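Here is how the chains run, residue by residue.
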Amino acid sequence: MASFAALLAAASLGAMLFFSAVVTPTMFTTLKADAAGLFLRRVFPRYFLVNGALAGIAAALAAAASAATPAILMAVGAVILLASRQFVVPIINEARDAADAGDAAAKKRFDAWHTGSVVANLVEMALLAGAIYLLLA
């Protein structure tokens, strides 16, 4: 079970890295800003849901294999991802809409929440990497 947990965690980490390093930069150099924004609004809820579910399932498998520390790392990651989907994405979208309508304070709110989201995503990747290492060590 620990190996399967590591496999699911690695799949999630790989998807997150691919999206961050390949999909997003390609999207912003290929699509116009409006199209890129629309694409992100559709993709991010799914991105957070799929990766949160993978981390949650991997955490449960690690716990069943008595790998407590990796299970905790992945469970925390799952909570971060799912909370991002449910709470952070809507706040970012609202702030972006208000900023696009000319609200200068909303632009600052968007920037702060977006930065926090990026940091949370990096933390999630580190949690997954740590859990994978511990599961396979």
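See the structure printed just above.
Being a predicted model, the structure only gives us computed values, none of them experimental.

How each quantity is defined
- Residues numbered from 1 in each chain as written.
- Predicted model: local features only at pLDDT ≥ 70, side-chain atom pairs only at ≥ 80, totals over all residues.
- Heavy atoms only, no water.
- Salt bridge = Lys/Arg side-chain N within 4 Å of Asp/Glu carboxyl O.
- Helix = DSSP H or I, 4+ residues; strand = E, 2+ residues; numbered from the N terminus.
- Buried < 20%, exposed > 50% of the residue type's maximum accessible area, 1.4 Å probe, protein only.
- Expected span 1.5 Å × (residues − 1).
- Bend = angle between axes of the 7 residues up to and from the residue.
- Contact = heavy atoms within 4.5 Å.
- Core = buried A, V, L, I, M, F, W, Y, C linked by side-chain atoms within 4.5 Å.

Comments concerning the pattern of salt bridges
Argument step 1. Inspection of every chain in the model, using the stated rule, returns 3 salt bridges.
Argument step 2. The salt bridge partner of R109 is E94, with a shortest N-O separation of 3.5 Å. Note that R109 is positioned in helix α4 (residues 104-136) and E94 in helix α3 (residues 68-100), a separation of 15 residues in sequence.
Argument step 3. For R109, a relative accessible area of 30% corresponds to the partly exposed category.
Argument step 4. In this structure, K107 engages D111 in a salt bridge whose closest nitrogen and oxygen atoms are separated by 2.8 Å. Of the two residues, K107 and D111 both sit in helix α4, 4 residues apart, roughly one turn of that helix.

Description of helix α1 (residues 2-30)
Argument step 1. Taking 1.5 Å per residue as the helical rise, α1 with its 29 residues ought to reach 42 Å, and the 40 Å between its terminal C-alpha atoms agrees with that figure.
Argument step 2. Largest kink in α1: about 40 degrees, centred on F19.
Argument step 3. Among the residues making up α1, those that are buried are A5, A6, L8, A9, S12, L13, M16, F19 and M27.
Argument step 4. Residues of α1 that are buried sit in contact with α2 (33-64), α3 and α4.

Quick notes on α2
Argument step 1. Helix length check: α2, at 32 residues, gives a terminal C-alpha distance of 45 Å against a target of 46 Å (1.5 Å per residue), a fit within 8%.
Argument step 2. Where α2 bends most, at V43, the angle is about 30 degrees, and the proline P45 comes one to four residues later.

Remarks on the nonpolar core
Generally speaking, soluble globular proteins have nonpolar side chains that are buried together.
Argument step 1. One finds A5, A62, M74, L128 and L135 to be the most contacted residues of the largest nonpolar core, which totals 30 residues.
Argument step 2. For this core, the secondary-structure elements that each account for two or more residues are α1, α2, α3 and α4.
Argument step 3. If one sorts the elements of this core by residue count, α2 sits on top with 11 residues.
Argument step 4. When neighbours within four sequence positions are excluded, A5 is seen to be in contact with A58, L61, A62, M74 and L135.

Function cannot be inferred from these measures alone, as they are strictly geometric.
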